[in-house]
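Overview (structure and organization)
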Amino acid sequence: MNRDLTNGKPSTVLWRFCLPLFGSIIFQQLYNIADSFVAGKFIGEEALAAVGNSYEITLIFIAFAFGVNIACSVVTARYYGARDFSGVRTAVSTTLIASGALCLVLMALGFAFNRQMLSVIHTPENILAASRLYLVIYIAGLPAVFYYNVATGIFSALGDSRTPFIFLAASSTANILVDILFVTAFNMGVAGVAWATLLCQTVSMVLALLAVARRLKALPKDGAAARFSPPVFRQLATIAVPSILQQSSISVGNIIIQGIINGFGSGVIAGYAAAIKLNNMIITSLTTLGNGISSYTAQNLGAKKPDRVQAGFFAGLKLVWLLCLPLTALYIIAAPSLVGVFLKETTGTALASGVAFLRIVAPFYCVVAAKLVSDGVLRGSGLMKQFMVATFTDLLLRIAFAFILSPRMGYTGIWSAWPVGWCVATALSIGFFASAQRNTVHTDI
């Protein structure tokens, strides 16, 4: 169901729109969590380390898909808010063509250089083969990752957050079951974990694209829509390129940090692999809520209603904080049990390092949540330079402090770098948002 985000009380509109988004991303994160859970519980610590090690590289590819998602969502939402339905169709078809070409390039690079990628992060020899196997299969499934992200971006632009939730709930549940089947019944090891994810993501992508086609067909006909439009492509690139640079730079930064972590051995790698999946479930969920605020902002700016943007910001802030508080408490109190879910042995270095990570970063979730809400408004308003400055500041500080603190404090020094970057970047993002509101920024299509 398409939803107009330009009318109604901003807080009510955002809650109804964003809560299904939150549920969707929780289920999407279950894909990666399922991989780590099955690898750690049914194969062993080294398998968990291999999946976690490869995961940091897969985030680079996800960064590109995420950038395409955001660009499609923002540009399409502007046209939808302006009730330019031929523009909506053109934005969608242009995104599909451009993202397909980008996906092919990334696949070629991934197949050619996956070994070098793993060598760069100093992958230990005992997990190198399994890490590479998982990574190659993941690369083969990139079309499903890209086109599913495009589909969810379209749904978000049209104000529909329920349909992606339904697809993801079904496919992620199936992924857990297929993971276990491939590993336990067919003895496929790490390859089984990767193939299960590829299979379920592909089914989800096909269903999502079919639903998008039906939704676009039902829109009013208001003129011919070009299959590929250079002006629309430039609009998409204006949003996508900074978003991709931001996300891929974060991924590169995480890979650098992963290289530092790898120096502490497979026990710490396994603990980090478990904890970072739990952490990313929260951060990615909050980021997705920020994406919903981007769609809300873009629709209202397209409809020439910039006064609703500030109200949307405060409503979004209240929403993410209400979600963060219980999750923060859960991660601090139940950290040993949560990390232990991924491990065969619930003692030792892997458990200790994972618990330390969660207890250091979880108290700062409310801080980073405020940044991600501000980022959502900045992206929806087209203020990409400001968005990138705040994000790169976070990245650079985390890398710098990981290098500085790890020789003195061990792996807890690396974990401590996260809150430093988050706090400074949040101050910058909120400052940019406040400045934009004072200047009454208007973004035209």
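As shown above, the structure is provided for reference.
What counts, and where the lines are drawn
- Residues numbered from 1 in each chain as written.
- Predicted model: local features only at pLDDT ≥ 70, side-chain atom pairs only at ≥ 80, totals over all residues.
- Heavy atoms only, no water.
- Helix = DSSP H or I, 4+ residues; strand = E, 2+ residues; numbered from the N terminus.
- Rg over C-alpha atoms; globule rule 2.2 N^0.38 Å.
- Buried < 20%, exposed > 50% of the residue type's maximum accessible area, 1.4 Å probe, protein only.
- Contact = heavy atoms within 4.5 Å.
- Areas by Shrake-Rupley, 256 points an atom, 1.4 Å probe, with all protein chains shown as cover.
- Lys, Arg positive; Asp, Glu negative; His and termini not counted.
- Charge placed at Lys NZ, Arg CZ, Asp CG, Glu CD.
- Salt bridge = Lys/Arg side-chain N within 4 Å of Asp/Glu carboxyl O.
- Core = buried A, V, L, I, M, F, W, Y, C linked by side-chain atoms within 4.5 Å.
- Expected span 1.5 Å × (residues − 1).
- Phe/Tyr/Trp six-rings, centres within 6.5 Å; stacked < 30°, edge-to-face > 60°.
- Axes fitted to C-alpha atoms, helices over the stretch in contact; angles between N-to-C directions.
- Left-handed = near helix turned anticlockwise from the far one by under 90°.
- Nonpolar A, V, L, I, M, F, W, Y, C, P; charged D, E, K, R; others polar.

**Description of the overall build of the protein**
When helices and strands are tallied, the protein shows 15 helices and zero strands. Relative to its length of 445 residues, the protein is compact, with a C-alpha radius of gyration of 21 Å against a globular reference of 22 Å. Considering the protein as a whole, with its 445 residues, one finds that 61% of them fall into the buried category. Expressed as a percentage of contacts within the protein between residues at least 6 apart in sequence, the contacts between residues at least 24 apart total 85%. Surface accessibility of the protein: about 16300 Å² in total, with carbon and sulfur atoms responsible for 69%. Side-chain charges in the protein split into 29 positive and 15 negative, and the spacing between the mean points of these groups amounts to 8 Å.

**Topic: the environment of Lys-371**
Tracing the backbone through its elements, the reader meets Lys-371 in helix α13 (residues 365–380). Each C-alpha atom, one on Lys-371 and one on Leu-158, is 25 Å from the other, the two residues being 213 residues apart in sequence. With sequence-adjacent residues up to four places away left out, Lys-371 is seen in contact with Ala-390, Thr-391, Ala-425, Thr-426 and Ser-429.

**Points about the pattern of salt bridges**
Inspection of every chain in the model, using the stated rule, returns two salt bridges. Where Lys-371 meets Asp-375, a salt bridge forms, and the shortest distance between an N and an O atom there is 2.5 Å. Linking Lys-371 with Asp-375, this pair stays in helix α13, spanning four residues, or about one helical turn. The class of Lys-371 is buried, set by a relative accessible area of 4%. Among the ionic pairs, Arg-398 bridges to Asp-394, the shortest N-O distance being 3.1 Å. Pair noted here: Arg-398 and Asp-394 are both in helix α14 (residues 384–409), with a separation of four residues, about one helical turn.

**Concerning the nonpolar core**
In terms of nonpolar packing, the biggest core is built from 69 residues, with Leu-286, Tyr-331, Phe-357, Leu-358, Tyr-365, Trp-415 and Trp-418 touching the most fellow members. It is helix α9 (residues 266–302) that provides the largest number of residues to this core, a total of 17 residues. The residues contacting Leu-286, other than those within four sequence positions of it, are Val-320, Cys-324, Tyr-365, Val-368, Ala-369 and Leu-372. Counting 59 residues, the second largest nonpolar core, distinct from the first, contains Ala-65, Val-92, Ala-144 and Ala-436.

**Let's talk about the side chain of Ser-99**
With respect to the secondary-structure elements, Ser-99 resides in helix α3 (residues 85–120). Since its relative accessible area comes to 1%, Ser-99 is described here as buried. Apart from the residues lying within four places of it in its own chain, the contact partners of Ser-99 are Val-68, Phe-146, Tyr-147 and Val-150.

**Here we look at α13**
Over its 16 residues, α13 extends 22 Å from the first C-alpha to the last, a length consistent with the 22 Å expected when each residue adds 1.5 Å. With 14 of 16 residues buried, α13 lies mostly within the body of the structure. At the C-terminal side of α13, Gly-382 shows a positive phi close to 80°.

**What about the side chain of Ser-374?**
The residue Ser-374 is located in helix α13 in this model. Exposure remark for Ser-374: the relative accessible area of 0% places this residue in the buried category.

**Topic: the packing of aromatic side chains**
Evaluation of the coordinates by the stated rule reveals 13 aromatic pairs. Consider the rings of Tyr-80 and Phe-85, whose centres lie 6.1 Å apart with planes at 65°: the pair is edge-to-face. Residue Tyr-80 is classed as buried on the basis of its relative accessible area of 8%. The exposure class assigned to Phe-85 is buried, which follows from its relative accessible area of 12%. For the pair Phe-357 and Trp-415, a centre-to-centre distance of 5.2 Å together with 80° between the ring planes defines the contact as edge-to-face. Of this pair, Phe-357 sits in helix α12 (residues 349–361) while Trp-415 sits in helix α15 (residues 411–438); the two residues are 58 residues apart in sequence, bridging distant segments of the chain. For the pair shown, Phe-357 and Trp-415 are each scored as buried.

**Regarding the environment of Phe-314**
The residue Phe-314 is located in helix α10 (residues 307–333) in this model. Residue class for Phe-314 comes out partly exposed when judged on its relative accessible area of 46%. Note: C-alpha distance between Phe-314 and Ala-91 (223 residues apart in sequence) is 30 Å.

**A closer look at α9**
Across its 37 residues, α9 extends 51 Å between first and last C-alpha, which sits within 8% of the 54 Å expected from 1.5 Å per residue. With 35 of 37 residues buried, α9 is to be regarded as a mostly interior element.

**Brief notes about the packing of helix α5 (residues 142–157) against helix α7 (residues 189–218)**
Packed helices, taken two at a time, are described by the angle between their axes plus the distance between the axes. Close contact between α5 and α7 brings their axes to 9 Å; oriented N to C, the two are set at 35°. When the axes of α5 and α7 are compared, the crossing they make is left-handed. Counted together, Pro-143, Ala-144, Val-145, Tyr-147, Tyr-148, Ala-151, Ile-154 and Phe-155 of α5 and Gln-201, Thr-202, Ser-204, Met-205, Ala-208, Leu-209, Ala-211, Val-212 and Arg-215 of α7 form the full contact between these two elements. Its residues placed into classes, the contact of α5 with α7 shows 13 nonpolar, three polar and one charged.

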